[in-house]
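Take a look at the letters that make up each chain.
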Amino acid sequence: MATESSEAEDDGKLVGGSKNLVVDDDLREMSKNAAWSVSSCKPGNGVPSLRDDNIETYWQSDGAQPHLVNIQFQKKVKLQLIVLYVDFKLDESYTPKKISIRAGDGFHNLKEIKTVELVKPTGWVHIFLSGNDPRETFVNTFMLQIAILSNHLNGRDTHVRQLKVYGPPPNPIPHQPFQFTSTEFIMYSMVR
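Residues numbered from 1 in each chain as written. Predicted model: local features only at pLDDT ≥ 70, side-chain atom pairs only at ≥ 80, totals over all residues. Heavy atoms only, no water.

A. Representation of the overall build of the protein. In terms of regular secondary structure, the protein is built from three helices and 13 strands. With the model as given, the accessible surface of the protein reaches about 10800 Å², and the carbon-plus-sulfur share is 51%. (Helix = DSSP H or I, 4+ residues; strand = E, 2+ residues; numbered from the N terminus. Areas by Shrake-Rupley, 256 points an atom, 1.4 Å probe, with all protein chains shown as cover.)

B. Here's a closer look at the sheet that holds strand E10 (residues 122-128). The strand order across the open sheet formed by four strands is E3-E13-E7-E10, and the pairing between neighbours is antiparallel. The open sheet has two edge strands, strand E3 (28-29) and E10, and neither has a second partner. Here seven bridges tie strand E7 (residues 81-87) to E10, and the two strands are oriented antiparallel to one another. In the sheet register, Val83 faces E10, and the bridge partner there is His126. (Pairing = 2+ DSSP bridges.)

C. Highlighting the environment of Lys111. Tracing the sequence through the fold places Lys111 in strand E9 (residues 111-119). Overall, Lys111 belongs to the exposed group, its relative accessible area being 60%. Considering only alpha carbons, one finds Lys111 and Gln145, 34 residues apart in sequence, at a separation of 9.4 Å. Excluding residues that lie within four positions of it along the chain, Lys111 makes contacts with Ile101, Arg102 and Ala103. (Buried < 20%, exposed > 50% of the residue type's maximum accessible area, 1.4 Å probe, protein only. Contact = heavy atoms within 4.5 Å.)

D. How the structure looks around the nonpolar core. Counting residues in each nonpolar core, the largest one holds 30 residues, and the members touching the most others are Trp36, Val69, Ile71, Ile82, Leu144, Ile146 and Leu163. When residues in this core are grouped by element, the largest group, five residues, is from strand E6 (residues 67-79). Not counting residues up to four positions away in its chain, the partners in contact with Ile71 are Ala34, Ala35, Trp36, Phe142, Met143, Leu144, Ile146, Leu163 and Val165. Counting residues in hydrophobic clusters, the runner-up holds seven residues, among them Val23, Leu81, Trp124 and Tyr166. (Core = buried A, V, L, I, M, F, W, Y, C linked by side-chain atoms within 4.5 Å.)

E. Inspection of unusual backbone geometry at higher detail. For the peptide bond that leads from Gln65 to Pro66, omega is 5°, which places it in the cis range. By the secondary structure assignment, Pro66 is in the loop between strand E5 (59-60) and E6. With phi around 60°, Asp53 is a residue other than glycine that occupies positive phi space. Examined against the element boundaries, Asp53 turns out to sit in the loop between helix H1 (47-51) and E5. Relative accessible area serves as the criterion here: at 57%, Asp53 is assigned to the exposed category. Positive phi, close to 55°, is recorded for Asn154, a residue that is not glycine. Mapped onto the elements of the fold, Asn154 is located in the loop between strand E11 (139-151) and strand E12 (159-160).

See the structure below:
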């Protein structure tokens, strides 16, 4: 599974974190297909620091809350999981506490789909985008916005060391609503 036993979700609160990034093999990272922007940043601590796969670097906001990370896709994509690396031990008051996840077609119609509260997290924190309905395993959207609403110890600016977005794998046969896995089914899945 995507989380370890050190992380638990209780009434929208996430406790702990995982030192190693572990995600299901059937998920793929969607971050490379997106245009990233942030509401503000200190010089040298912008989007490249958030996406460089180095937990020693971080995005640092510079301004009033909420601090925003905007992820825009050229076409509608299915998203299932957000994984971020935060470290309360190193960042203290810069560590995010309350995060809102919003999705929509663009800035004009974003809707909040999830709110989570982090409790002194250290490591990779997994936020699943599934709703209350067990059939809703992903979000279909053009844009995802992560809003840091508050920090630990009433901090003003925030540090997020890494951020990744995952979605389900694409269907191997284009324009085919079903995913056939056996050779026999794939052979007869299209009309000539």
